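# Observations on the model geometry
Spelled out, the chains give:
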Amino acid sequence: MEHTEVVKPESLDELIKILHKIFESDSINVEEVQDIMEAYDSNPQDWMRYAKFDQYSTFDGCSKKSNRTWKNRYTRNLVDEGNGKFNLMILCWGEGHGSSIHDHTDSHCFMKLLQGQLKETLFEWPDSKSKGEMVQKSQRILQENKVAYINDSIGLHRVENGSHTECAASLHLYSPPFQSCQTFDQRTGHRNTVKMTFWSKKGERTPFETAFSQENN
Amino acid sequence: MEIHEGAAVASDSVLDFSRLSLTTFNLNSVSDERKRDTKQLYLNYNRLGSLPSSVSLFCNLEFLDISNNGLSAICEGITRLTRLKTLIAKNNRLDEFSLPKEFGSLQLEVLNFSGNRFEEIPLQCMKLLRLQSLSFGGNRLKSIPDEIENLTSLELLYLGGNLITAIPPEVANLPYLSYLVLCDNRIQSVPPQLTRLHSLRSLSLHNNLLTYLPREILCLVHLQELSLRGNPLVVRFVKEMTYDPPSLLELAGRTVKSRNIPYYPYDLPSNLMRYLDLASKCPNPKCAGVYFDSCVRQIKFVDFCGKYRLPLMHYLCSPECTSPCSSNPQSDAESEEESSVPAYRLQRVLLG
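Residues numbered from 1 in each chain as written. Chains lettered and ligands numbered in written order. Predicted model: local features only at pLDDT ≥ 70, side-chain atom pairs only at ≥ 80, totals over all residues. Heavy atoms only, no water.

## Thoughts on the overall build of chain A
Within chain A, the secondary structure is distributed over three helices and 13 strands. Residues counted as buried form 54% of the 217 residues belonging to chain A. Surface summary for chain A: the accessible area is close to 10100 Å², and the carbon and sulfur share equals 48%. (Helix = DSSP H or I, 4+ residues; strand = E, 2+ residues; numbered from the N terminus. Buried < 20%, exposed > 50% of the residue type's maximum accessible area, 1.4 Å probe, protein only. Areas by Shrake-Rupley, 256 points an atom, 1.4 Å probe, with all protein chains shown as cover.)

What follows is the structure in structure tokens.
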């Protein structure tokens, strides 16, 4: 099979430009997107302004009390809206932060490690009849710069920062964009639909998106 | 003004000596003026085996990061940094014998010792009365000292990734505690006293050994986030099968209490007075009974925000004493009625 030459994006902005071009067409070549995302070498200077680690860790070196909001979960920070074809965002995971088991609402999901490590656990869809513990398929630790891909036909997953000392940051591309998904209780397979919200958009904090945000996926 | 080769100066008060593979920190290259002006000093990601005492010459230092070195001790000189507010010392080789004697005299607000080798939290740390944020994540702690209650300014306590088996009720005496992380430990139960943590917004208990939670957890009014995954939480309704029948003393005590028989100190020996005062009310609202020592543990499920079923434990005076809605123990629709928790509490339960 002929491989098109992968142009190495030298910055996040360049990666975004290339992604816009790729997504001009209506069909997506999963491998092509994965390759181009992996080819970008994460440079914190590129994405620091989106990475809202708004929690206790003194990541920025100066923790003014008014800036500190303790959070138990990761933040979703929108970077680019992909002309409506995709959403590109950066997720910031504090120490010990993890997601629920969730699906991807019939969309493609690409996840690239920008900093630190994340553990991905894959699960089978629960049987609507069975009420037992969900079945785990596999687990892996994703290293910096690696890109993982998932969609609903592959299964469900949980993503966690297992480190108690380091934060993690990941770049996510979802196509087409989606605003809600299902979360699953591992013990019972019980599912629940949740709305997804952004902690910030294009580097600006967006605290009033919804009155009661339910889940940051 | 001479600056060590490779050091970056972001602004006048920040000195960045991080990631330089330094094996020693030679302060001679830093002018006296610069030492006085520096408020933030980064020494992380080097190969320092020890921190020179001369670091105290940075007399106005407010922030010091010595993470990711090979430090096995912290020098006594650090205690002379009277303005130091933040100390980050992650990923070193520190243990409870590594801290200088007068460490507790520092005016620290943020202290991070995660990724070290502490088997207990040193008592010097319990003297840091201005401490707002404390992290001992990823160490080898077996317990939390009772003296934790001395840290009355504490808002964040990160103890994830240790070997902790129990939470002392003294944790509940921290009036401003908002963020409590106890994930990845070996905790089997949560003390009901935690209900006093009125400021608690976030409680992380995932990956422990919990089979149930105390029903008092419903009283944490401001709790927004609770993680419980990876605990052997009881899924089906469980009724405790063992029940020791009450003693004669207990039966007599129950009768006195439930029939409101008056008693006075001149009627009874003091030990019986004390015994009668210990009576606990049966939580079943339809039961006027009391119990002393003999009670049945019962696990009830509570529907949190229509999402999950969490086993909560409460005591009843006898196995016959059940709450109104437990007629069908296997029913999934079972929910707690006696303490009606509004659905807007516990907004995001990271159980899944």
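## Structural notes on the overall build of chain B
Counting its secondary structure elements, chain B contains three helices and 17 strands. For chain B, buried positions account for 51% of its 352 residues. Nonlocal contacts in chain B, meaning residues at least 24 apart in sequence, comprise 42% of its contacts between residues at least 6 apart. Per element, the accessible surface of chain B, about 16000 Å² overall, is 49% carbon and sulfur. (Contact = heavy atoms within 4.5 Å.)

## Re the sheet that holds strand β2 (residues 87-93) of chain A
All names here are of chain A. The strand order across the open sheet formed by seven strands is β7-β4-β9-β2-β1-β12-β13, and the pairing between neighbours is mixed. Only two strands of the sheet have a single neighbouring strand rather than two, namely β7 (147-150) and β13 (204-205). The pairing of β2 with strand β9 (residues 168-175) spans seven bridges and is classified as antiparallel. Considered in β9, the bridge of isoleucine 90 is made with leucine 171. Taken strand by strand, helix α2 (residues 30-39) contacts β4 (108-115), β7 and β9, and its axis lies near 15 degrees from that of β4. (Pairing = 2+ DSSP bridges. Axes fitted to C-alpha atoms, helices over the stretch in contact; angles between N-to-C directions.)

## Comments concerning the environment of leucine 157 of chain B
Residues and elements named next belong to chain B. Along the chain, the position of leucine 157 falls in strand β8 (residues 156-158). Take leucine 157: its relative accessible area is 0%, and that puts it in the buried class. Distance from leucine 157 to serine 133, taken between C-alpha atoms, is 6.1 Å for residues 24 residues apart in sequence. Setting aside residues up to four positions removed in sequence, leucine 157 forms contacts with Leu134, Ile148, Leu177, Tyr179, Leu180 and Val181.

## Observations concerning the pairing of strand β8 (residues 156-160) of chain A
Successive side chains on a regular strand alternate, one facing one side of the sheet and the next facing the other. Residues and elements named next belong to chain A. Taken across its five residues, β8 has five buried, putting it largely inside the fold. Here β8 shows two buried faces, one formed by Leu156, Arg158 and Glu160 and the other by His157 and Val159. Here five bridges tie strand β5 (residues 118-123) to β8, and the two strands are oriented antiparallel to one another. Counted as the bridge partner of phenylalanine 123 is leucine 156 from β8.

## A look at the pattern of salt bridges
Taken as a whole and judged by the stated rule, the model has 11 salt bridges over all chains. Glutamate 120 of chain A is the salt-bridge partner of arginine 140 of chain A, the closest N and O atoms lying 2.9 Å from each other. One end of the pair, arginine 140 of chain A, is in strand β6 (residues 136-142); the other, glutamate 120 of chain A, is in strand β5, with 20 residues separating them in the sequence. The partner of lysine 142 of chain B in a salt bridge is glutamate 119 of chain B, and the shortest N-O contact between them spans 3.2 Å. Remark: glutamate 119 of chain B occurs in the loop between β6 (110-112) and β7 (133-135) and lysine 142 of chain B occurs in the loop between β7 and β8; sequence separation between them is 23 residues. Of the residues examined, lysine 142 of chain B reaches a relative accessible area of 47% and is grouped as partly exposed. You can call glutamate 119 of chain B partly exposed: its relative accessible area is 35%. (Salt bridge = Lys/Arg side-chain N within 4 Å of Asp/Glu carboxyl O.)

## Considerations on helix α3 (residues 270-277) of chain B
Because each turn of an α-helix spans 3.6 residues, side chains separated by three or four positions in sequence point in the same direction. Residue and element names in this part refer to chain B. Where α3 is concerned, the buried positions are Met273, Tyr275 and Leu276. Buried residues in α3, looked at end-on, bunch into an arc of 160 degrees, giving them a common side. Exposed and oriented more than 90 degrees from the buried face of α3 are Arg274 and Asp277. Packed against the buried residues of α3 are α2 (248-258). (Arc of directions from axis to C-beta.)

## What about the nonpolar core?
Phe103 and Phe113 of chain B are the most contacted members of the largest nonpolar core, which totals 70 residues. Ignoring anything within four residues of it in the chain, the contact list for phenylalanine 113 of chain B reads Ile74, Ala89, Leu94, Leu99, Phe103, Phe118, Cys125, Ser135, Phe136 and Asn139 of chain B. Of all hydrophobic cores here, the second largest spans 26 residues; its members include Leu12, Phe23, Met37 and Ala169 of chain A. (Core = buried A, V, L, I, M, F, W, Y, C linked by side-chain atoms within 4.5 Å.)

## What to know about unusual backbone geometry
Residues and elements named next belong to chain A. For the peptide bond that leads from serine 175 to proline 176, omega is -10 degrees, which places it in the cis range. Tracing the backbone shows proline 176 in the loop between β9 and β10 (180-184). Even without being a glycine, lysine 202 presents a positive backbone phi close to 50 degrees. Mapped onto the elements of the fold, lysine 202 is located in the loop between β12 (200-201) and β13.

## Topic: the side chain of histidine 164 of chain A
Summarising the element assignment, histidine 164 of chain A is placed in the loop between β8 and β9. Look at histidine 164 of chain A and you get buried, because its relative accessible area is 11%. Among the polar contacts listed, one links the side chain of histidine 164 of chain A to the side chain of tyrosine 158 of chain B, at a separation of 2.8 Å. A polar contact of 3.4 Å, which involves the side chain of histidine 164 of chain A, links it to the side chain of aspartate 184 of chain B. When near neighbours in sequence (up to four residues on either side) are disregarded, histidine 164 of chain A contacts Glu95 of chain A together with Ser114, Gly137, Gly138, Tyr158, Gly160, Gly161, Cys183 and Asp184 of chain B. (Polar contact = N/O pair within 3.5 Å; in protein donor to acceptor, adjacent residues only side chain to side chain.)

By themselves, these are just geometric observations and shouldn't be taken as functional.
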